[in-house]
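# Geometric and topological summary
These are the residues of each chain, in order.
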Amino acid sequence: MDVVQNTVQVILNLSDSSTISQIELYLDDSILIISNSHPWNLNLETIVYSDNSEHKIYCRLLRSSGFSEFSDTISVIVNNDKVKPARINDLTVLRSTYSSIVLEWSATGDDSLDGVANHYVVKYNKDPITEGNWNDISTSLTVTQDYLPYDLVSLEIFELDFESRYYFALKAYDENNNVTFLSNSVVRETDEIPPILDLGVVHSSDSYPKITWTSPGSETNLGYPYKYEIRYHAVPINENNWNQSIEYPNEINPKQAGSLESIEVTDNLNIESCYFGIKSIDKSGNYGPISNTAYIKSGILFYSSQVIDVKGFVADVCAGDLNNDGLMDIATADEISSRISIIMNNGNSNLYKSLGLYSGDRPEEIIAVHMNDDNYLDLVVANYGSVPSTPRDYIAVFINNGNATFQRFLYNADDTPNKISGADFDNDGDTDLAVTSSYKDSILIFTNNGSGELNPFVAYNVGDFPIGISTSDFDYDGDIDIVVANWESGGISYLKNNGNATFITHQLIDTNERPKSICSNDFNLDGYIDIAFTNHWSDNISVYLNNGSGDFVSKTDYSTENLPSCIKAADINNDYIIDLIVGNEGSNSISVYLGTGSGDFQESDFYSTTGSPRQLSIADIDSDGDKDIITTYYEMQSIELLTNTLIEN
């Protein structure tokens, strides 16, 4: 007997069936079917099975000698589930290599978008995939891990033919084998030659700048390229302007795959600042994809840029070692997709997006901190909110499972949480949170119960529309205090910590120049924490030095490019003195102000970016001992890694 959705098919094994003239099939002591014809396959239509309850089925036969005895009884429960998982319509290709392709899609449910789908079947083929040929395609992979609806699912398919076009599609199944309609289909060609991903610039005071990269090899990443073609341009190089770029002569004999390659830039390029790109070429004359871009500018800091695609407009970015492998990974808050994205670091500047997690409506800020005592970095996100039916106005805490996968916990944050800072405000050894609530003109203090769970917040009033926050022990009393940049009212608010996570609030600095982002560190090496903030409408930054008691009395302004939007403090050139890094929203650039150690800063070097900077994160992504810059852009679905190629003299 077979059960298919709501139909029962009864197949009878009969001896000497030729002498049978009639079969009576009974359901729960009532005759249901009388059959007088071969074959003896009987279908019970499910109109009687609406309650999914247990039913008894049995039969008897009529021969010339009369009716037989009743057969043994069969018990059956017919499943009445007809609801399919919802169709997947956002299948995309994240990236490809010469032998693999990574797919991503949003998880669906068990019944439409409710519950959890049982599994996904992904098929791939060199010809287009349709409903008509789905069953004929044998190359497939099955994903059985449980994903909540809207979670991002990624799958890497290996052992593909290089330089080949593949089509991909998938279906989702529930536990009763209800199946979706075919997803959207995507197509991608595998690469001909592995790309160069780590093109960079090395400079010292006593030599010419040097372009460096790692040999990619040819085809299967074995052997070596036949030759290289190097080009430069006054603007970032891409496939569209490659032929218009100027070829830089080289006579390099390529080395084995994985070897370091380099060339000194000794010629006069007739360009004050320029971008380099490189392609490898095989013996057949096939060109590999264009490398990342290396940027040369006069000065002591040099950056090579790598753009990493992320689904959704990226509001913020942070960096930290999320899997304790000694390498700095990246996490982003993706405003439009309502997700965070985890970008893992495999070393050698090899960054790849590993997964996306649903955070809540409009995640605005993300930080990496230790929320419990398990020695793994966790993530905290402010969901700014705009859609009432989704988790909005919440803080999302993502507790790290120890392998860069996370569990999400939500905490009410009143209204429009915007910026976050983590510190031990109550001196109990764990990380508490301070959160700006922009439309409530307040700062929310969440204390940690010690296991990563947050207690309900306590609110403190500050200026109008707080939009920037920084924390440190400003008055040198052993407790972590808070400074806040207020966008609408102008000025900087100061929240002095009483030592137990309660605060006294007062206006620290008056300004009508729209302060937007604020940072803190010891700029003049006197042991006291100073502050710096952007004046968005005045195209400058203000630096205030601390007199040691939490009063900021000495002010210096430094000009920026157009509309400075974000500021970070870090030692960017390894001289043990804090520098300032500023993203300029209106001029598509980043400014770097080198500290002198006396509280002053040298006039800035400006570095062009591919978009309008929104937020920055500073970390040593390539593990070379100096700090790199990761930036997000307004209305762009990508982040950019600016690699610091400083060589210390």
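Cut-offs and rules
The residue numbers shown here count from 1 along each chain, following its written sequence. Note on the predicted model: pLDDT of at least 70 is required for a residue's local features to be given, and 80 or more for side-chain atom pairs to be given and counted; whole-chain, interface and lining totals, by contrast, use all residues. Calculated side-chain values reflect all of the structure's heavy atoms, with hydrogen atoms and water omitted. Comment: elements are numbered from the N terminus, with helices defined as DSSP H or I runs of at least four residues and strands as E runs of at least two. For the exposure calls, accessible area comes from a 1.4 Å probe over protein chains only, and a residue counts as buried if that area is under 20% of its type's maximum, exposed if over 50%, partly exposed in between. In what follows, salt bridge is the name for a side-chain nitrogen of Lys or Arg lying within 4 Å of a carboxyl oxygen of Asp or Glu. When DSSP finds at least two bridges between two strands, those strands are taken to pair. Only C-alpha atoms enter the line fits that serve as axes; for helices the fit covers just the stretch in contact. Angles between N-to-C directions range over 0 to 180 degrees. Working definition: a ring pair exists when centres of Phe, Tyr or Trp rings (six-membered ring for Trp) sit within 6.5 Å. Plane angles under 30 degrees give stacked, over 60 give edge-to-face, the rest tilted. Either the NZ atom of lysine or the CZ atom of arginine qualifies as a charge over a ring when it sits within 6 Å of the ring centre and within 35 degrees of the ring normal. We call two residues contacting when some pair of their heavy atoms lies within 4.5 Å. Only protein atoms enter the 1 Å grid used here, on which a cavity is any set of points holding a 1.4 Å probe that cannot leave and a pocket is any open set flanked by protein within 12 Å on both sides along at least five of seven lines; residues with an atom within 4 Å of a point are listed as lining. Grid points are joined across faces, edges and corners, and a volume is the space filled by probe spheres set on the points. Put simply, Ala, Val, Leu, Ile, Met, Phe, Trp, Tyr, Cys and Pro go in the nonpolar bin, Asp, Glu, Lys and Arg in the charged bin, and everything else, Gly too, in the polar bin. Here the nonpolar core consists of buried residues drawn from Ala, Val, Leu, Ile, Met, Phe, Trp, Tyr and Cys, with membership extended through side-chain atoms lying within 4.5 Å. Polar contacts here mean pairs of N or O atoms no more than 3.5 Å apart (in protein, one a potential hydrogen donor and the other a potential acceptor; neighbouring residues in sequence count only if both atoms are side-chain atoms). Note on scores: pLDDT gives the predictor's confidence for each residue, bounded by 0 and 100.

## Brief notes about the overall build of the protein chain
Each helix and strand counted, the protein chain has 0 helices and 50 strands in total. Sorting the 649 residues of the protein chain into buried and exposed places 55% on the buried side.

## Notes on the pattern of salt bridges
Close approach of charged atoms lets side chains of opposite charge pair. Counted according to the given criterion, the structure contains 16 salt bridges. For E229, the salt bridge identified is with R231, shortest N-O distance 2.8 Å. You'll find E229 and R231 in the same group, each marked buried. In this structure, K516 engages E585 in a salt bridge whose closest nitrogen and oxygen atoms are separated by 3.3 Å.

## Considering the sheet that holds strand β37 (residues 481-486)
Overall, antiparallel pairing links the 4 strands, which are arranged β36-β37-β38-β39 in an open sheet. The open sheet terminates on both sides in strands that have one partner only, identified here as β36 (466-472) and β39 (503-509). Here the strands of the sheet are splayed against their neighbours by 25° on average, with no regard to which way each runs. The sheet contact formed by strand β38 (residues 492-497) and β39 spans 6 bridges and is antiparallel. Residue pairing across strands places L495 opposite T505, the latter belonging to β39.

## Quick notes on the packing of aromatic side chains
According to the stated counting rule, one finds 22 aromatic pairs in the structure shown. Between F523 and F601, the ring centres sit 5.5 Å apart and the planes meet at 75°, which makes this aromatic pair edge-to-face. You can see F523 sitting in the loop between β40 (515-521) and β41 (530-535) and its partner F601 sitting in the loop between β46 (589-593) and β47 (605-608), a full 78 residues away along the chain. The exposure class of F601 is buried, given its relative accessible area of 7%. Against the face of F181 rests K84, its NZ or CZ located 4.0 Å from the ring centre. Across the ring face of W134, the terminal group of K123 is positioned such that the distance to the ring centre comes to 4.7 Å.

## Notes on the pairing of strand β21 (residues 274-281)
Counted residue by residue, β21 has 8 buried out of 8 residues, so it is predominantly covered. Both faces of β21 are covered, namely the face carrying C274, F276, I278 and S280 and the face carrying Y275, G277, K279 and I281. Relative to β21, strand β18 (residues 227-233) runs antiparallel, the two sharing 7 bridges. Bridged to R231 within β21 is G277. Relative to strand β22 (residues 293-296), β21 runs antiparallel, the two being bridged by 3 bridges. Paired with F276 across the bridge in β22 is A294.

## A word on the environment of T556
With respect to the helices, strands and loops of the structure, T556 is situated in strand β43 (residues 552-559). Here T556 falls in the partly exposed class, since its relative accessible area comes to 28%. Expressed as a C-alpha distance, the spacing of T556 and G599, which sit 43 residues apart in the sequence, is 9.1 Å. If we skip the residues at most four places from it in the chain, T556 touches I541, S542 and V543.

## A few points about the sheet that holds strand β17 (residues 210-214)
Across the sheet, 3 strands lie side by side as β16-β17-β20; this open sheet has antiparallel pairing. A single partner strand is all that each edge strand has here, and the edge strands are β16 (200-202) and β20 (260-264). Taken over all neighbouring pairs, the strand axes of this sheet differ in orientation by 30° on average, direction set aside. Summarising the sheet, β17 and β20 pair through 5 bridges and their orientation is antiparallel. Residue W213 lies in a different strand from β20, and its bridge partner there is E261.

## Quick notes on the side chain of N524
Structurally, N524 is set in the loop between β40 and β41. N524 gets classed as buried once you look at its relative accessible area, which sits at 17%. With residues up to four places along the chain from it excluded, the contact list for N524 reads D530, L545, G597, S598 and G599.

## Describing the layout of surface pockets
Considered as a void within the structure, the second largest pocket measures approximately 1200 Å³ in volume. Lining the second largest pocket we find 43 residues, and of these E365, I367, I420, I469 and K568 sit closest to its centre. When residues of the lining of the second largest pocket are traced back to their parent elements, those giving at least two are β24 (314-320), β28 (363-369), β32 (417-423), β36, β40, β44 (564-570) and β48 (613-619). Partitioning the lining of the second largest pocket into residue classes produces 22 nonpolar, 13 polar and 8 charged.

## Details of the pairing of strand β3 (residues 22-27)
The element β3 is extensively covered by neighbouring structure, given that 6 of its 6 residues are classed as buried. For β3 and strand β6 (residues 54-63), the ladder comprises 6 bridges, and the chain directions are antiparallel. Bridge pairing in β6 places Y26 opposite Y58.

## Points about unusual backbone geometry
Phi at A501 takes a positive value of approximately 70°, unusual for a residue other than glycine. Non-glycine residue N588 carries a positive phi angle of around 50°. The residue N588 is located in the loop between β45 (579-584) and β46 in this model.

## Observations regarding the nonpolar core
If you look at the biggest cluster of nonpolar residues, it comprises 22 residues, and the most contacted ones within it are L103, W105, Y120, I157 and F168. Elements with a minimum of two residues in this core: β10 (101-106), β11 (119-125), β13 (152-157) and β14 (165-173). In terms of residue count, β14 provides more of this core than any other element does, 4 residues in total. With residues up to four places along the chain from it excluded, the contact list for I157 reads S99, S100, I101, L103, V122, Y124, L141 and F168.

## Description of the environment of Y411
As for its position among the elements, Y411 is in strand β31 (residues 406-412). Sequence spacing of Y411 and V397 is 14 residues, and the spatial spacing of their C-alpha atoms is 8.0 Å. Y411 has contacts with D393, Y394, I395, V397, F446, G452, E453 and L454, leaving out every residue within four places of it along the chain.

## What to know about the side chain of N448
Here N448 is to be found in the loop between β34 (442-446) and β35 (458-461). Reaching out from N448, the side chain makes a polar contact with the backbone oxygen of M371 at a distance of 2.8 Å. From its side chain, N448 meets the backbone nitrogen of G450 in a polar contact 2.9 Å long. Apart from residues no more than four positions distant in its own chain, N448 is found in contact with M371, D428, D430, T431, D432, E453, L454 and N455.

## Brief notes about the confidence of the model for the protein chain
Averaged over every residue, the pLDDT of the protein chain is 84; residues scoring 70 or more account for 84%. Across the protein chain, the element-wise mean pLDDT spans from 42 in strand β1 (residues 2-4) up to 96 in β44. Note on residues 1-5: pLDDT under 50 across the span, and 17 contacts to partners over four residues away in sequence or across chains. Low confidence marks residues 44-50, where pLDDT is under 50. Its contacts with residues over four positions away, or in another chain, come to 22 contacts.

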